[in-house]
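Descriptive analysis of the structure
Read off the chains here:
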Amino acid sequence: MGKILVLSFSDEEEETYQRMLQIISNSKNFEWCNMLQETKNIQIGELIVDLSKRSVITGNTEVTLTNREFEILYLLASSPGRVFSKEQIYDLIWEEPYSGDYNIVMSHIRNIREKIEDNPSKPIYIQTVWGVGYRFNKNLSSGL
């Protein structure tokens, strides 16, 4: 019989929680029991990100995102106001060391903006922090 590990994290430790899941899940002898894992949905303004359904709704319209786009949006929306560098986004989403190609992260951010923003050239949700990276707007009203 194997060993059981039980961990508890507060909402403020979401990044640590996700990283721990990633590390544990990559173990070749790991058996996953996901019965108690909480799914966190995010609603900010008119944008709803539903983790359990892996869906995004803005206004009354469902938005189709690729898996990577969804993961990037969920990462940013989970921590409004927190700035993520392109390197951090790459490391967390692609689950491998950053290769130095900024264009892939920038391209995904641009695609997400085109799908969720009314005016992608003046984004409301995903903000650029020049010379640093990206953050989700913390000044929008949240719900759920």
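Numbering of residues starts from 1 in every chain and runs along the sequence as written. In view of the model being predicted, local features appear only for residues whose pLDDT reaches at least 70, and side-chain atom pairs are presented and counted only at 80 or more, with totals across whole chains, interfaces and linings using the full set of residues. The side-chain values count all of the structure's non-hydrogen atoms but skip hydrogen atoms and water molecules.

1. Concerning the side chain of Asp 50
The condition that has to hold: Think of it this way: any DSSP run of H or I at least four residues long counts as a helix, any run of E at least two long counts as a strand, and we number them from the N terminus. Counted as a polar contact is a pair of N or O atoms within 3.5 Å, where, for protein atoms, one must be capable of donating a hydrogen and the other of accepting one, and residues adjacent in sequence contribute only when both atoms are in side chains.
Locating Asp 50 in the fold gives a position in strand 2 (residues 47-50). There is a polar contact of 2.8 Å between the side chain of Asp 50 and the side chain of Ser 52. A distance of 3.1 Å separates a polar atom in the side chain of Asp 50 from the backbone nitrogen of Lys 53.

2. Overview of the packing of helix 3 (residues 86-94) against helix 4 (residues 102-116)
Convention followed: Between the N-to-C directions of two axes lies an angle of 0 to 180 degrees, each axis being a line fitted to C-alpha atoms and, for a helix, fitted only over the stretch in contact. Each angle receives one of four descriptions, namely roughly parallel if under 35 degrees, roughly antiparallel if over 145, roughly perpendicular if within 65 to 115, and oblique otherwise. Working rule for contacts: check all heavy atoms of both residues, and any pair within 4.5 Å makes them a contact. All amino acids are sorted into three groups, where Ala, Val, Leu, Ile, Met, Phe, Trp, Tyr, Cys and Pro are nonpolar, Asp, Glu, Lys and Arg are charged, and the leftover types, Gly among them, are polar.
In the contact formed by helix 3 and helix 4, the axes pass within 9 Å of each other and the chain directions differ by 80 degrees. What the angle tells us is that helix 3 and helix 4 run roughly perpendicular. Along its contact with helix 3, which presents Lys 86, Glu 87, Ile 89, Tyr 90 and Trp 94, the element helix 4 presents Tyr 102, Ile 104, Val 105, Met 106 and His 108. Across the contact of helix 3 with helix 4, the residue classes break down as seven nonpolar, one polar and two charged.

3. Some remarks on the environment of Ile 72
Along the polypeptide, Ile 72 turns up in helix 2 (residues 67-78). Setting aside residues no more than four positions away along its own chain, Ile 72 makes contact with Ile 89, Ile 93, Trp 94, His 108, Ile 109 and Ile 112.

4. As for the packing of helix 2 against helix 4
For the pair helix 2 and helix 4, the least separation of the axes is 10 Å and the interaxial angle reads 80 degrees. Between helix 2 and helix 4, the crossing angle belongs to the class labelled roughly perpendicular. Taking contact as the criterion, the partners of Arg 68, Glu 69, Ile 72, Leu 73 and Leu 76 in helix 2 are, on helix 4, His 108, Ile 109, Asn 111, Ile 112, Lys 115 and Ile 116. Its residues assigned to classes, the contact of helix 2 with helix 4 shows six nonpolar, two polar and three charged.

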